[in-house]
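# Coordinates in review
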Amino acid sequence: MAIPILQKAVVGAYILRKHVSGQKRYPLAMMLEPLFRCNLACSGCGKIDYPDDILNERLSLQECLESVDECNAPVVSIAGGEPLLHREMPQIVQGIIARRKFVYLCTNALLMEKKLDQYKPSPFFVWSVHLDGDRQMHDRSVCQEGVYDRAVAAIKLAKDRGFRVNINCTLFNDAQPEKVAAFFDTAKDMGIDGITVSPGYAYERAPEQQHFLTRSMTRQLFRDILKLGKGGRNWAFSQSSLFLDFLAGNQTYHCTPWGNPTRTVFGWQRPCYLLGEGYARTFRELMEETDWDAYGTGNYEKCANCMVHSGYEATAVMDTVKRPLAALKVGLKGVRTEGAMAPDIPLDKQRPAQYVYSRQVEIKLTEIKGRKATATEIKAARTH
Ligand code: SF4
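Anyway, here's the lowdown on the structure attached to this text. Numbering of residues begins from 1 in every chain and follows the order in which that chain's sequence is written. In keeping with the model being predicted, local features are shown solely for residues with a pLDDT of at least 70 and side-chain atom pairs are shown and tallied solely at 80 or more, while totals for entire chains, interfaces and linings include all residues. With hydrogens and water stripped out, all remaining heavy atoms of the structure feed into the side-chain values.

## Examining the overall build of the protein chain
To qualify as a helix, a DSSP run of H or I must reach at least 4 residues; to qualify as a strand, a run of E must reach at least 2; elements of each kind are numbered from the N terminus. Secondary structure summary: the protein chain contains 14 helices and 9 strands in total. With the radius of gyration taken over C-alpha atoms, the globule rule is written as 2.2 Å times the number of residues to the power 0.38. Scaling as 2.2 N^0.38, a compact globule of 384 residues should have a C-alpha radius of gyration of about 21 Å, and the protein chain matches this with 20 Å. For the C-alpha atoms alone, the extent of the protein chain along its principal axes is close to 75 × 50 × 45 Å. Partly exposed describes any residue whose relative accessible area lies between the buried limit of under 20% and the exposed limit of over 50%, with all areas from a 1.4 Å probe on protein chains only and scaled to the type maximum. Burial status across the protein chain gives 56% buried among its 384 residues. Contacts in the protein chain between residues far apart in sequence, at least 24 positions, make up 76% of those at least 6 positions apart. Between the centroid of the 50 positive side chains of the protein chain and the centroid of its 43 negative side chains there is a distance of 5 Å. Contacts are assigned to residue pairs that have any heavy atoms within 4.5 Å of one another. We treat Lys and Arg as the positive residues and Asp and Glu as the negative residues; His and chain ends play no part in the count. Charge coordinates come from a single atom per side chain, which is NZ of Lys, CZ of Arg, CG of Asp or CD of Glu.

This is the structure in structure tokens:
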């Protein structure tokens, strides 16, 4: 596992404190999305299909830091949209580091070389570069040629300047195990500090719906990939050994959506990073008033095929705390890639999907319109 000792110690102590205090639900990694605007339009992305007025919205530096304080998770992952398009991003990162929280700044790397001078290496800071495979796989995934080469050049520069750099790799149903394994070998040669890998979530607004994996396909794909790398031991994953074990079909886990609470320009997103079924005004409201049992695989149709780290890594980490020897065994021996799989969660009682996107967008647009009208009135009053 490619998680630095300092981070393991801080997160481990945090989990222990929560355990001892008997807290049932608590966040592990906050997802901060200060904007939805992006400079790419990837085929599997469900985050950028908003009207311009919403894409132009930003969480301010103050809103970001207040949200980080409210949530108080030990890790903050900044996603989007493309975070490097946000003018205050260096100050946001600096402010979070000053709170001694670990920051993962997710980027497609198109602006990384240009903006690298605005950031400083720190044990609390990691670049998390989106890279969905080799040149051919990645450029196809992001629907633009040349992006892989620019990302690799930016990674090299960042490594030369002493930054920690991870890659964030999402796999779809066209992933070929041999090619993925070869790509992980290449990442190792590039000096990448950690690989975060996950199957793509079937976003209802993603332009290409035919590329998402079902749960059984995901389990088999990960077995086939990990088999080519000694059960995963060949590569430095930035995820827990039990999460990889889950991806390979060896664990029956229920998701922990509150483990990665998500703050966007809409508010605190219910129930998780992947689904926007409603929004809470405060973190406390999100935690206390969300009907958590209404979500997760087996409970809700939109969760049927989800095996994404933002939902299940927290489950695996908490299981690691409960069963450290089981986790250690997987870490040392590698993930089992043969034999029977663990039973999967039955889907016969799940409630049907609800489609709330348009309503959420309508509410937000009305709010933006109201704000703009007030600003115009104030301006007019001042000039009279
Ligand atoms: S299974 Fe959990 S993490 Fe995945 S979409 Fe559903 S609520 Fe979110």
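There is more to say, and it comes next.
## Overview of the packing of aromatic side chains
How two aromatic rings sit relative to each other is set out by the distance from centre to centre and by the angle between their planes. Ring pairs are drawn from Phe, Tyr and Trp, using the six-membered ring of Trp, whenever the two centres fall within 6.5 Å, and their geometry is named by plane angle: stacked under 30 degrees, edge-to-face over 60, tilted for the rest. One pass over the full model with this rule turns up 24 aromatic pairs. Relative to Phe-266, the ring of Tyr-50 has its centre 5.4 Å away and its plane inclined at 45°; by these criteria the two rings are tilted. You can see Tyr-50 sitting in the loop between strand E1 (29-32) and helix H2 (52-55) and its partner Phe-266 sitting in the loop between strand E7 (262-264) and strand E8 (267-271), a full 216 residues away along the chain. Take Tyr-50 and Phe-266: they sit in the same class, and that class is buried.

## Some words on the nonpolar core
Judged by nonpolar contacts, the single largest core of 117 residues is most densely connected at Ile-78, Trp-127 and Phe-184. Setting aside residues up to four positions removed in sequence, Ile-78 forms contacts with Leu-32, Pro-34, Pro-83, Met-89, Ile-92, Val-93, Ile-96, Val-103, Tyr-104, Leu-105 and Cys-106. Only buried residues count toward a nonpolar core. Its members are Ala, Val, Leu, Ile, Met, Phe, Trp, Tyr and Cys residues joined through side-chain atoms within 4.5 Å. Of all hydrophobic cores here, the second largest spans 6 residues; its members include Cys-45, Leu-110, Val-142 and Val-147.

## A look at the sheet that holds E7
Pairing between sheet strands relies on hydrogen bonds along the backbone, with the strands arranged either parallel or antiparallel. We call two strands paired when DSSP finds no fewer than two bridges between them. Taken together, 9 strands build an open sheet; the order of strands is E6-E5-E4-E3-E2-E1-E7-E8-E9 and the sheet is mixed. Of all the strands in the sheet, just strand E6 (194-199) and strand E9 (276-280) have a single pairing partner and so form its edges. Taken pair by pair, the neighbouring strands of this sheet meet at an average axis angle of 25°, ignoring direction. The pairing of E1 with strand E2 (residues 75-78) spans 4 bridges and is parallel. Bridging from a neighbouring strand, Met-31 pairs with Ser-77 of E2. Think of each axis as a best-fit line through the C-alpha atoms, taken over the contacting stretch in the case of a helix, with angles from 0 to 180 degrees between the N-to-C directions. Packed onto the sheet, helix H7 (residues 147-160) meets strand E4 (125-130) and strand E5 (164-171) and runs at close to 155° relative to E5.

## A look at the packing of helix H8 (residues 177-189) against helix H9 (residues 215-227)
Where H8 contacts H9, the axes come no closer than 8 Å and their chain directions differ by 50°. In terms of orientation, H8 and H9 fall into the oblique class. For the element pair H8 and H9, the recorded crossing hand is right-handed. Contacts between H8 and H9 involve Pro-177, Val-180 and Phe-184 on the former and, on the latter, Leu-221, Asp-224 and Ile-225. In this count, Pro and Cys sit with the nonpolar residues alongside Ala, Val, Leu, Ile, Met, Phe, Trp and Tyr, while Asp, Glu, Lys and Arg are called charged and the others, Gly among them, polar. A breakdown of the residues in the contact of H8 with H9 according to their chemical character gives 5 nonpolar, no polar and 1 charged. What sets the label is the angle itself: under 35 degrees gives roughly parallel, over 145 gives roughly antiparallel, 65 to 115 gives roughly perpendicular, and the rest give oblique. Throughout, a crossing is termed right-handed when the near helix is turned clockwise from the far one, and left-handed when it is turned anticlockwise from it by less than a right angle.

## A few points about the site of the ligand
The criterion for a residue being near a molecule or strand is simple. One of its heavy atoms has to lie within 4 Å of it. Around the ligand there are 13 residues in total, and Cys-255, Cys-272, Cys-303, Cys-306 and Gly-311 lie nearest to it. Counted by class, the shell around the ligand contains 10 nonpolar, 3 polar and no charged residues.

## As for the environment of Cys-64
For Cys-64, the position within the fold is in helix H3 (residues 61-71). Separated by 153 residues in sequence, Cys-64 and Met-217 have C-alpha atoms that sit 37 Å apart. Setting aside its immediate chain neighbours within four residues, Cys-64 contacts Leu-32, Pro-34, Leu-59 and Ile-92.

## A short note on the side chain of Thr-256
Relative to the assigned elements, Thr-256 resides in the loop between helix H10 (241-247) and E7. Accessibility expressed as a relative area gives 5% for Thr-256, which makes it buried. Here a polar contact means two N or O atoms within 3.5 Å. Within protein one must be a hydrogen donor candidate and the other an acceptor candidate, and residues neighboring in sequence count only if both atoms are side-chain atoms. A polar atom in the side chain of Thr-256 sits 2.6 Å from the side chain of Thr-315. Non-local contacts of Thr-256, meaning those with residues more than four positions away in its chain, are made with Ser-310, Gly-311, Ala-314, Thr-315 and Met-318.

## A few points about the pairing of E8
By the criterion of burial, E8 is predominantly enclosed, with 5 of the 5 residues buried. Pairing of E7 with E8, which is carried by 3 bridges, proceeds in the antiparallel orientation. Bridge pairing in E8 places Thr-262 opposite Gln-269. Between E7 and E8, which pair antiparallel and follow one another directly, the connecting turn spans 2 residues. Looking at chain direction, E8 and E9 are connected through 4 bridges and run antiparallel. Across the sheet, residue Pro-271 finds its bridge partner in E9, namely Gly-276. Linking E8 to E9, which pair antiparallel, is a turn of 4 residues.

## Comments concerning unusual backbone geometry
With an omega of 15°, the peptide bond running from Gly-80 to Gly-81 counts as cis. For Gly-81, the position within the fold is in the loop between E2 and helix H4 (89-98). The residue after Arg-270, namely Pro-271, is reached through a cis peptide bond having omega -5°. Mapped onto the elements of the fold, Pro-271 is located in strand E8.

## Looking at the side chain of Asn-166
Along the chain, Asn-166 turns up in strand E5. By relative accessible area, which is 1% here, Asn-166 ends up buried. Residue contacts for Asn-166: discarding those within four places in its chain leaves Tyr-104, Val-126, Trp-127, Ser-128, Val-129, Ile-192, Asp-193, Gly-194 and Ser-238.

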